[in-house]
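# A structural walkthrough
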Amino acid sequence: MLHQIKGLHHVTSLASDARENNVFFTNVLGLRRVKKTVNFDAPDVYHLYYGDAAGSPGTVMTYFPFPDAARGRRGVGEVGRTSFAIPTGSSQAWLDRLASFDVAAIATDTRFGEKRVLFDGPDGDQFALVERDDERDPWTGNGVSEAMGIRGFHSADMRLKDGDASAELLGFMGYEKGDTDGDVTRFIVPGGNAANVIDIEVAPSATHAGQGAGSVHHIAFAVENRARQLEVREALLDTGYQVTPVIDRDYFWAIYFRTPGGVLFEVATNEPGFDRDEDTAHLGEALKLPSQHEHLRTRLESLLQPIED
Ligand code: ZN
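First, a word on scope: everything that follows refers to the structure included in this document. Remember, it's a predicted structure, so these values are computed and weren't measured experimentally.

Around the zinc ion, the protein supplies H10 (NE2), H218 (NE2) and E266 (OE) as donor atoms, at distances of 1.9 to 2.0 Å. Overall, the relative accessible area of 2% leaves H10 in the buried class.

Below you can see the structure in the form of structure tokens.
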């Protein structure tokens, strides 16, 4: 069993409109845009990162906005809902705030004894804000105070036809099986960062998800550094997983593998971080390009839709 994985690092999803995506995550949810770059594998498309002040591992929601992309279809074989932690007692403030922005599908419930505010993002992406005591400092501004600010991820929900193989994989990755609430089983990594929960929701009769705008593309798990990442890669290969070589993503190093239930997993390093190529005070403001795409700057700057700061 692995001990190097410390919880979520980031969650990456697809969107249909960069400007709308940026407004939602900064103005509505109050996150900080910590990086404005491009999809390294398809540089005509942005890669936008939103998180806490530093873009700490376990706080970073990222998007590839493909202009006018068709909406994804919810189903099994994907991450169905991404949850952020909010302070205990702040649900009502969020309900009022989300309603004031006409956010879709606002609802409340309680799961595993935790109060949740459910809502959809601009492309039908499913989110929850979960009340809990969380020591992490929020990014504030745009009308989101310290008393209600998002602390980072709480969890990601894998929605699967059959959860057994993924449960076994999470166990191998160091997660411990927790309680069950209805169709949902909770997995928690001990000694992890605060984004230490994965929920598996089993829906045997649901149809398969179709990826598109509003779909989660992959979830990334955090390891401290490249040495820990290589240990994880070796162990996954030994277990029979097809794992990519280590890929330089400028702000972290990444490996990817497909899980038995169909969800794409990444393991990303906490180093070097988002202040690698710009000052912390100005994170996310300028368009940053990886060196292999710097020669495309003039074309990309005219092609990419301008987004507000
Ligand atoms: Zn990623």
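Here the narrative resumes, following the displayed structure.
Read from one edge to the other, the open sheet built from 8 strands follows the order 2-3-4-1-13-16-15-14, with strand pairing classed as mixed. Both edges of this open sheet fall to strand 2 (32-39) and strand 14 (247-248), since each of them pairs with a single strand only. Of the pairings in the sheet, the one linking strand 1 (residues 8-15) to strand 13 (residues 216-223) comprises 5 bridges and is antiparallel in character. Following the sheet pairing, L8 is matched in strand 13 by F221.

Strand pairing in a sheet relies on backbone hydrogen bonds, with the paired strands running either antiparallel or parallel. Overall, mixed pairing links the 8 strands, which are arranged 6-7-8-5-9-12-11-10 in an open sheet. Edge strands, defined here as strands with exactly one partner in the open sheet, are strand 6 (104-111) and strand 10 (176-181). Averaged over all pairs of adjacent strands, the angle between their axes in this sheet comes to 25°, without regard to strand direction. Direction of pairing for strand 5 (residues 78-86) relative to strand 8 (residues 126-131): parallel, over a ladder of 5 bridges. Within the sheet, the bridge partner assigned to S83 lies in strand 8 and is A128. Across the sheet, helix 3 (residues 164-172) is in contact with strand 9 (152-160), strand 11 (184-188) and strand 12 (197-202); its angle to strand 12 comes to roughly 165°.

Definitions and cut-offs
Residues numbered from 1 in each chain as written. Predicted model: local features only at pLDDT ≥ 70, side-chain atom pairs only at ≥ 80, totals over all residues. Heavy atoms only, no water. Donors = N, O, S within 2.8 Å, 3.2 Å for Na, K, Ca; no water. Buried < 20%, exposed > 50% of the residue type's maximum accessible area, 1.4 Å probe, protein only. Pairing = 2+ DSSP bridges. Helix = DSSP H or I, 4+ residues; strand = E, 2+ residues; numbered from the N terminus. Axes fitted to C-alpha atoms, helices over the stretch in contact; angles between N-to-C directions. Contact = heavy atoms within 4.5 Å.

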